[in-house]
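These are the residues of each chain, in order.
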2 protein chains.
Amino acid sequence: MQDHPVARLIAAADDAINAGDFDRLMDFYAEDAVLVVRPGLNACGKAQIRQAFSAVSAHFNHSLQVSQDALHILHNGATALALARTRLRADTLDEACRDATYVFAQDQDGAWRCAIDNAYGHRLLEEPSV
Amino acid sequence: MQDHPVARLIAAADDAINAGDFDRLMDFYAEDAVLVVRPGLNACGKAQIRQAFSAVSAHFNHSLQVSQDALHILHNGATALALARTRLRADTLDEACRDATYVFAQDQDGAWRCAIDNAYGHRLLEEPSV
């Protein structure tokens, strides 16, 4: 795991998800961020993203736990690409591992925010483009 | 293939690579862009990126041809993530297919430029983080 501000943010966001604290989680997202809820369905903006996390959490009986088995960050100026192997656990889920892709952008105050959150990585290519 | 400005740029950049026109190719990159030359080795900035493309082209006896079999673009404000299945052909290469990840950012004039070019996708996670 790299010692990059974005790596620390991802770890802190995982903590917020694992605690079910979606208010705190929203601090990690840009106002107009995009979250891939599932292939073909995106949540756009904090309100939709918060709603999506609440629904996913309820679906897994509030037992969802997220962690990163591996992380590699590529960084250019105010843009960072995080490639992750993301592990999901829940009471009602066989443990799952996903090749996730996150894009972070630095805002005018220098703070990094998640702009694009795609836990499905290249699996999106298996679906028709939308 | 999506009708997105970034999709058109990727197609035009492929044309420039296939024509061996690396001056034209540099128009597609941000000044401080990062190119993953191979896992563990990055080229940073246009001068290094141009040099890397020249070296790769010479390695393949100037026969390298690049195309995208599939492309999916996620777009947030001034940031776009392109997930691609990139096909490489060359005289001295068995045809290869890579799950590539490109990040584009819009500059102040509204033009999209490639900020991060990672043709290796999640293969970077198989290497030690650098």
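Relevant structure appears above.
The rules behind the values
- Residues numbered from 1 in each chain as written.
- Chains lettered and ligands numbered in written order.
- Predicted model: local features only at pLDDT ≥ 70, side-chain atom pairs only at ≥ 80, totals over all residues.
- Helix = DSSP H or I, 4+ residues; strand = E, 2+ residues; numbered from the N terminus.
- Expected span 1.5 Å × (residues − 1).
- Buried ≥ 20, exposed ≤ 12 C-beta atoms within 10 Å, placed from the backbone.
- Arc of directions from axis to C-beta.
- Contact = placed C-beta atoms within 7 Å.
- Pairing = 2+ DSSP bridges.
- Core = buried A, V, L, I, M, F, W, Y, C linked by C-beta atoms within 7 Å.
- Axes fitted to C-alpha atoms, helices over the stretch in contact; angles between N-to-C directions.
- Least-squares fit on C-alpha atoms with pLDDT ≥ 70 in both.

Residues and elements named next belong to chain A. When the terminal C-alpha atoms of helix 1 (residues 5–18) are compared, their 20 Å separation across 14 residues agrees well with the 20 Å that a helix rising 1.5 Å per residue should span. Along helix 1, the positions that sit buried rather than exposed are Val 6, Leu 9, Ile 10, Ala 13 and Ile 17. Projection of helix 1 onto a plane perpendicular to its axis shows the buried side chains occupying an angular sector of 100 degrees, all on one side. Buried residues in helix 1 make contact with helix 2 (22–26), strand 3 (65–76), strand 4 (79–90), strand 5 (93–106) and strand 6 (112–118). Phi for Gly 20, located one or two positions after helix 1, is positive at around 70 degrees.

Another aspect to go through is the pairing of strand 2 (residues 41–44) of chain A. All names here are of chain A. Bridge count between strand 1 (residues 29–38) and strand 2: 4 bridges; the pairing is antiparallel. From the neighbouring strand, Val 34 faces strand 2, where its bridge partner is Cys 44. Linking strand 1 back to strand 2 in an antiparallel pair, the connection comprises 2 residues, with Gly 40 at a positive phi of about 95 degrees.

Let us now look at the nonpolar core. The nonpolar side chains of a soluble globular protein tend to be buried with one another. By size, the foremost hydrophobic cluster in this structure holds 72 residues, and its most contacted members are Ala 82 and Phe 104 of chain A together with Ala 82 and Phe 104 of chain B. For Ala 82 of chain B, the contacting residues outside a window of four places in its chain are Val 6, Ile 10, Leu 71, Ile 73, Tyr 102 and Phe 104 of chain B.

Our focus in this paragraph is the sheet that holds strand 3 of chain A. Residue and element names in this part refer to chain A. If you walk across this open sheet you meet the 6 strands as 2-1-6-5-4-3, and the pairing is mixed. One side of each edge strand has no neighbouring strand; the edge strands of this open sheet are strand 2 and strand 3. Here the average twist between neighbouring strands, direction ignored, is 20 degrees. Relative to the sheet, helix 1 contacts strand 3, strand 4, strand 5 and strand 6, its axis offset from that of strand 3 by approximately 155 degrees.

With that out of the way, let us pick up the sheet that holds strand 3 (residues 65–76) of chain B. Residues and elements named next belong to chain B. In spatial order, the strands read 2-1-6-5-4-3; together these 6 strands make up an open sheet with mixed pairing. Where the open sheet ends on each side, the last strands, each with one partner, are strand 2 (41–44) and strand 3. Going from strand to strand, the sheet's axes swing by 25 degrees on average, the running direction of each strand aside. Sitting on the sheet, helix 1 (residues 5–18) is in contact with strand 3, strand 4 (79–90), strand 5 (93–106) and strand 6 (112–118), with an inclination near 155 degrees to strand 3. Along the sheet, helix 3 (residues 46–59) makes contact with strand 1 (29–38) and strand 2, crossing strand 1 at roughly 40 degrees.

With an axial shift of 0.0 Å and an RMSD of 0.0 Å, the rotation relating chain A to chain B amounts to 180 degrees. The relationship between the two copies is best expressed as a two-fold rotation axis. When you check the interface residues of chain A against chain B, 100% turn up at the interface there too, and the contact is symmetric in its surfaces.

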